[in-house]
Amino acid sequence: MMKTSLTGVLAASRDMSVISNNLANAKTAGFKRSIAQFAEIRSTSEGARSGVEAGSGALTQDIRRNNTQGGFTNTESALDVAISGSGYLVFGEANGVPGEMDMSFSRAGKLTLNKDGAIVDSAGNPLLGFPVLTGNMIGGQPAPINLSAAAGGSAANIQGVSINDKGVINITLANGRSVQGGAIALAKFRNDDGLKNVTGARLKASDASGPAELVPAGQNGMG
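Cut-offs used in this document
Residues numbered from 1 in each chain as written. Predicted model: local features only at pLDDT ≥ 70, side-chain atom pairs only at ≥ 80, totals over all residues. Heavy atoms only, no water. Salt bridge = Lys/Arg side-chain N within 4 Å of Asp/Glu carboxyl O. Helix = DSSP H or I, 4+ residues; strand = E, 2+ residues; numbered from the N terminus. Buried < 20%, exposed > 50% of the residue type's maximum accessible area, 1.4 Å probe, protein only. Core = buried A, V, L, I, M, F, W, Y, C linked by side-chain atoms within 4.5 Å. Contact = heavy atoms within 4.5 Å. Polar contact = N/O pair within 3.5 Å; in protein donor to acceptor, adjacent residues only side chain to side chain. Phe/Tyr/Trp six-rings, centres within 6.5 Å; stacked < 30°, edge-to-face > 60°.

K.L.:
Looking at this model, I keep getting lost on the pattern of salt bridges. Mind explaining?
P.N.:
Where charged atoms from two side chains of opposite charge approach closely, those side chains can pair. On inspection of all chains with the given rule, the structure shows 3 salt bridges. Note that K204 and D102 form a salt bridge whose closest N and O atoms lie 2.6 Å from each other. Of the two residues, K204 is situated in strand β13 (residues 202-204) and D102 in the loop between β3 (88-91) and β4 (104-106); the sequence distance between them amounts to 102 residues. For D102, a relative accessible area of 37% puts it in the partly exposed group. Put simply, E213 and K188 hold a salt bridge, and the shortest N to O gap is 4.0 Å. Of the two residues, E213 sits in strand β14 (residues 213-216) while K188 sits in strand β11 (residues 178-188), which places them 25 residues apart along the sequence. Residue E213 is classed as partly exposed on the basis of its relative accessible area, which comes to 38%.

Below is the structure:
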């Protein structure tokens, strides 16, 4: 009986941990609340009759994230984005080496420029995107998006920034010309529920989610 009661305490404790995390991140942009799902531990006695045996406690069967579309909030920043539909923004590491960065993923689109002119999240992780090729074709390898580099090497050349529904970033220069700073990459997974929570709205891939497939916005079912 003590063991049965202990399983209930442990399951309730796990549920409280999930609820506490939901409350702590209630105002975190892009955060998706999770729900603990429980199952009964059934008796394994060989002499027990089906439908009569007593349960042996409870266990936390799964922690499921609510992946439904959230609402949108207007901001004063031209760099802030929101995804309408499927996909996750892709971020590298703040001090990572290009091509070797450990990627993380989020639906939180509050973005800023760092001192080097790269687009970053609130933790300083660089946003990854694709080059915009000749004829507005999007392709190449994902890399951190650096607006200063696209503007001739100086943030002082940037007079305005706009982002269209394909994630393409257009920069208005001081001389009136326009250049494209890249196209925001989105990630999709075989199983969104398998993504691991790192902190707040930040997620990482796992064996359960499968590897990320990075594609431009608006393509291959992306938002």
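K.L.:
Looking at this model, I keep getting lost on the environment of Q180. Mind explaining?
P.N.:
Tracing the backbone through its elements, the reader meets Q180 in strand β11. Separated by 48 residues in sequence, Q180 and V132 place their C-alpha atoms 6.9 Å apart.

K.L.:
Looking at this structure, how should I read the nonpolar core?
P.N.:
One broad rule of soluble globular proteins: the nonpolar side chains tend to lie buried together. With 21 residues, the main nonpolar core has L89, I119, L127 and L147 as its most contacted residues. Beyond its immediate stretch of four places on either side in the chain, L147 contacts L79, L113, G117, I119, I158, V161, I169, I171 and G181. Counting 9 residues, the second-largest nonpolar core is a separate cluster that includes F105, L128, L195 and L203.

K.L.:
Just to check I follow, could you spell out the environment of N175 for this structure?
P.N.:
Note that N175 resides in the loop between β10 (168-173) and β11. Its relative accessible area of 54% is what places N175 among the exposed residues. Along the chain, N175 and I158 lie 17 residues apart, while their C-alpha atoms are 9.4 Å from each other. Of note is the side chain of N175, whose polar atom sits 2.9 Å from the backbone nitrogen of R177.

K.L.:
What exactly am I supposed to notice about the packing of aromatic side chains here?
P.N.:
Aromatic rings in a pair are described by how distant their centres are and how their planes are angled relative to each other. Following the criterion strictly, the structure yields 2 aromatic pairs and no others. Ring centres of Y88 and F189 lie 5.9 Å apart, and the angle between their planes is 70°; this geometry places the pair in the edge-to-face category. Placement of Y88 in strand β3 and of F189 in the loop between β11 and β12 (196-199) is noted, with a sequence separation of 101 residues between them. With respect to burial, Y88 and F189 carry one shared label: buried. Relative to F189, the ring of F105 lies with its centre 4.9 Å away and its plane at 85°, an arrangement referred to as edge-to-face. Remark: F189 occurs in the loop between β11 and β12 and F105 occurs in strand β4; sequence separation between them is 84 residues. Its relative accessible area of 2% is what places F105 among the buried residues.

Structural measurements only, silent on function.
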